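Each chain is listed here by its residues.
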Amino acid sequence: DDTACNLASLNLMRFFDFKAQKFDVESYEHATRLWTIVLEISVLMAQFPSEEIARLSYDFRTLGLGYANLGTLLMVQGIPYDSPKGRAICGALTAILTGVSYATSAEMAGELKPFPRYEENREAMLRVIRNHRRAAYDADPGDYEDLTITPIGIDADYCPDYLLESARSSWDRALALGEKHGYRNAQSTVIAPTGTIALVMDCDTTGIEPDFSLVKFKKLAGGGYFKIINQSVPNALRQLAYTEEQITEVINYCRGTLTLKGAPYINEETLRAKGFTQEMVDRVESHLASAFEIQFVFNKWTLGEENCKKHLKLTDAQMNDIEFNLLGSLGFTRQQIQAANDHICGRLTIEGAPHLKPGHYDVFDCANKCGKYGKRFLGTRSHILMMAAAQPFISGAISKTINMPHEATIDEVKEAYMLSWKSMIKANALYRDGSKLSQPLNSTSDLLDAAGADEDEEFVLTADTPPAQVAERIIYRYLSKRRRLPDRRAGYTQKALIGGHKVFVRTGEYEDGALGEVFIDMHKEGAAFRSLMNCFAIAVSLGLQHGVPLEKFVEIFTFTRFEPNGMVSGNPHIKMSTSVIDYVFRELAISYLGRTDLAHVSPEDLRHDSVSDAGNEVEYDSEEEETILHDADEEFFDPKAIRPDTIHLNPMSDNQKDVDESITVSPPRSTGVAVIEKPKVKTVVKGSVFTKTELARQAKLKGYVGEPCGNCGSWTLSRNGTCLKCDTCGNTTGCS
């Protein structure tokens, strides 16, 4: 516990020889050896979040070498992910990785000495290494030392001989060298999620995961996106002995033809008959390769506003309406649009493709159903069994999402955890579709319709209704008497954006300035989430009024992690939070407890005489001038009445003089209005200035969901199964 390791992952596809249809074991072993040395060096260069983690990381020198793209490697060989052969290959490759890594670690121990805590753990570690080696030989259950659950070894009946030989020899060497020199590292391998680095490594699949979908949108160097079918698909079809003509037809069925030529109903001829010029047709043709659906191509940005007005007779209101269906307005029916879309943009699944034999479907099974027509997907058991094949040869754990459908029951979740335990898996990350607040969910009306229910149907309590469980005894224990707040109370309001979500924190104080209540307002988050936040704030307020120290709340709730989270804007002290609750208690701790250790900006940086780099400052949209009605004459005007003398607007300053002097207060004129004049700032965007509403509208028209990425701020969030994924930085909402 309390150790850390730097991660590195090898792209398994880089070691696969397509001509020989064989995995390059020699290069794989060399890369494993090289990266073990690199990660060992990185221990000296790493920085750690706490003293305890730093100390233990140096004492045990843990490493985190792993791999990615296993799902693609199996598919290009025509091997189903959910098959004994696929699991045997996974086990062998994992065994080679960890065996070679530990052997290299033992060699370094011979030159540099073992890790500092090795001697006190020598016997236990060598026992673990011997058990790893037994799993490579698929030993009998009675041969393992001190194990109550038998690991799943490499099945020699399904594993290629050259992989099996390398796996066993690597563990023979790791044990022999370890008994002689010890090991430089207590841990050498893990399998990381590789969600972001997989983009850099050009992987179709991450970590030990199967493929998520067969069709992806690849970002181009010059900007924009290009739709491609995973390269594993055509290679797998070749391995399954399909001809090039058959492969082309299967790919066109899945990915689409990406052209208007030959398309049913919507093609060059029908569009010209509707008023399209050749220029407009060419524009549509040039954008089809990157389109999710053909409707996204038919808009004013692709066709040009003047062309839409002149040739298609569209109005500004129609073009600016996000719900406007241009193809429908031209007279095409929904069935015609769908047929053309299937031909041009593809069905996104190979199920039902011409020439493809149903017996080969399992080779192309993915973690989720592919497209709207896909029915097949890998079940929970297939994920767990693949992890079980790799776990006996990983010194750490495996980070992998086990996807479960929305209708999964509690018993099915229990069974998944039980199977994981019986399979000797160290970690299991179950994800049930629809269980996260921030992911795209089905609407209530859809669920009701599917169930055949009536929203307006009144619930009637009858004699047959099962009784609710009633508490037998209620005990009240009053720890202190409530200290009530005055009816008129001071406080402050802090506005901020957390991962693109607007949050208002409002406080109420006692006469002595102590915090007595908190309000948290997130008015656009939906009724359920908003109500939960309100109830939470009330509970905290009652605790404060009954004497619970604010320090205790801060200690418990800071660093809690859930969405929305990420970058924070609008707060001068806090720039990143792990959740809304984390942000709220950081803010309260800074304002009322002086906990500058929880801030990301030091007090010195907020002083009016501090030096900053003006060239790197971001300019924001200016807010409207604030006006305050004042009925008194000018001689009674008091600037303090407009800007109260409160430390909470600048909680980390030494005194009130540190408040920004750039805001000036003008006395009221004859109109009886005082004006707070703010420095004029504006948002500078090349070409034009866009509001968030406009950016969201344009993003939706381009096929995105219309929300900014919480990690990079780009408006390129698209659906990734049941989650959202940013096509710019690769960040996801957490379920992939």
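Residues numbered from 1 in each chain as written. Predicted model: local features only at pLDDT ≥ 70, side-chain atom pairs only at ≥ 80, totals over all residues. Heavy atoms only, no water.

K.L.:
Is there a simple way to think about the environment of Leu 65 in this case?
P.N.:
Along the chain, Leu 65 turns up in strand 4 (residues 64–68). Separated by 330 residues in sequence, Leu 65 and Ser 395 have C-alpha atoms that sit 9.9 Å apart. When near neighbours in sequence (up to four residues on either side) are disregarded, Leu 65 contacts Ala 8, Leu 10, Thr 32, Trp 35, Thr 36, Leu 39, Leu 97, Ser 101, Ser 188, Thr 189 and Val 190. (Helix = DSSP H or I, 4+ residues; strand = E, 2+ residues; numbered from the N terminus. Contact = heavy atoms within 4.5 Å.)

K.L.:
Would you take a moment to explain helix 6 (residues 161–181) for this structure?
P.N.:
Side chains that are three or four residues apart share a direction in an α-helix, a result of its 3.6 residues per turn. Helix length check: helix 6 (21 residues) gives 30 Å between terminal C-alpha atoms against 30 Å at 1.5 Å per residue, within 8%. Buried residues of helix 6: Leu 163, Leu 164, Ser 166, Ala 167, Ser 170, Trp 171, Ala 174, Leu 175, Leu 177 and Gly 178, and no others. Packed against the buried residues of helix 6 are strand 3 (22–23), helix 1 (25–45), helix 4 (84–112) and helix 5 (122–136). Looking at the residues trailing helix 6, positive phi occurs at Gly 182, about 85°. (Expected span 1.5 Å × (residues − 1). Buried < 20%, exposed > 50% of the residue type's maximum accessible area, 1.4 Å probe, protein only.)

K.L.:
Before we go on, may I ask you to explain unusual backbone geometry in this structure?
P.N.:
Among all residues save glycine, negative phi is the norm, and among peptide bonds the norm is trans. Residues Glu 563 and Pro 564 are joined by a peptide bond in cis, for which omega reads 0°. Here Pro 564 lies in the loop between helix 21 (550–557) and strand 12 (566–569). One non-glycine residue, His 355, lies in positive phi territory at about 75°. Residue position: His 355 is located in the loop between helix 16 (334–344) and helix 17 (380–390). A relative accessible area of 38% means that His 355 is categorised as partly exposed. Its identity as a non-glycine residue notwithstanding, Met 424 has a phi of 65°, on the positive side. Considering the arrangement of structural elements, one finds Met 424 in the loop between helix 18 (410–422) and strand 8 (429–432). Exposure remark for Met 424: the relative accessible area of 29% places this residue in the partly exposed category.

K.L.:
Would you mind showing me how to read the packing of aromatic side chains here?
P.N.:
The relation between two aromatic rings is expressed through the spacing of the ring centres and the mutual angle of the planes. Taken as a whole and judged by the stated rule, the model has 18 aromatic pairs. Relative to Phe 18, the ring of Phe 16 has its centre 5.2 Å away and its plane inclined at 90°; by these criteria the two rings are edge-to-face. When its relative accessible area of 38% is taken as the criterion, Phe 18 is described as partly exposed. Look at Tyr 102 and Trp 171: their rings are 6.2 Å apart centre to centre, the planes differ by 55°, and that puts the pair in the tilted class. On the criterion of sequence distance, the pair formed by Tyr 102 in helix 4 and Trp 171 in helix 6 is long-range, its members being 69 residues apart. What makes Tyr 102 buried here is its relative accessible area of 4%. Given the relative accessible area of 0%, Trp 171 is considered buried. Three or more aromatic residues joined by ring pairs form one cluster here, namely Phe 60, Tyr 102, Phe 115, Tyr 118, Trp 171 and Tyr 183. (Phe/Tyr/Trp six-rings, centres within 6.5 Å; stacked < 30°, edge-to-face > 60°.)

K.L.:
So what exactly am I meant to see when it comes to the side chain of Ser 541 here?
P.N.:
On the secondary structure map, Ser 541 appears in helix 20 (residues 527–545). A relative accessible area of 7% means that Ser 541 is categorised as buried. Within the structure, Ser 541 has its side chain in polar contact with the backbone oxygen of Ala 537 (distance 2.8 Å). When residues no more than four places from it in sequence are discounted, the contact partners of Ser 541 are Gly 516, Glu 517 and Val 518. (Polar contact = N/O pair within 3.5 Å; in protein donor to acceptor, adjacent residues only side chain to side chain.)

K.L.:
Would you take a moment to explain the sheet that holds strand 13 (residues 576–577) for this structure?
P.N.:
The pairing of strands in a sheet comes from backbone hydrogen bonds and takes either a parallel or an antiparallel form. Across the sheet, which stays open at both edges, the five strands sit in the order 11-10-9-12-13 with antiparallel pairing between neighbours. Edge strands, defined here as strands with exactly one partner in the open sheet, are strand 11 (515–521) and strand 13. (Pairing = 2+ DSSP bridges.)

K.L.:
Is there a simple way to explain a negative patch on the surface in this structure?
P.N.:
Side chains of Asp 138, Asp 140, Asp 143 and Asp 157 sit close together on the surface and give a patch of like negative charge. Relative to the elements of secondary structure, Asp 138 occurs in the loop between helix 5 and helix 6. Exposure remark for Asp 138: the relative accessible area of 37% places this residue in the partly exposed category. (Patch = residues over 30% accessible without salt bridge, like charges linked within 9 Å, V, L, I, M, F, W, Y side chains within 5 Å. Areas by Shrake-Rupley, 256 points an atom, 1.4 Å probe, with all protein chains shown as cover. Salt bridge = Lys/Arg side-chain N within 4 Å of Asp/Glu carboxyl O. Lys, Arg positive; Asp, Glu negative; His and termini not counted. Charge placed at Lys NZ, Arg CZ, Asp CG, Glu CD.)

K.L.:
What is the right way to look at the pattern of salt bridges in this model?
P.N.:
Should the charged atoms of two oppositely charged side chains come close, the side chains can pair. Applying the stated criterion to the full structure yields 27 salt bridges. Glu 40 serves as the salt-bridge partner of Arg 184, at 3.0 Å between the closest nitrogen and oxygen. Here Arg 184 is found in the loop between helix 6 and helix 7 (197–200), whereas its partner Glu 40 is found in helix 1, with 144 residues between them in sequence. In this structure Glu 40 comes out as buried when scored by relative accessible area, which is 5%. Glu 145 is the salt-bridge partner of Arg 134, the closest N and O atoms lying 3.1 Å from each other. Here Glu 145 lies in the loop between helix 5 and helix 6 and Arg 134 lies in helix 5, a separation of 11 residues in the sequence.

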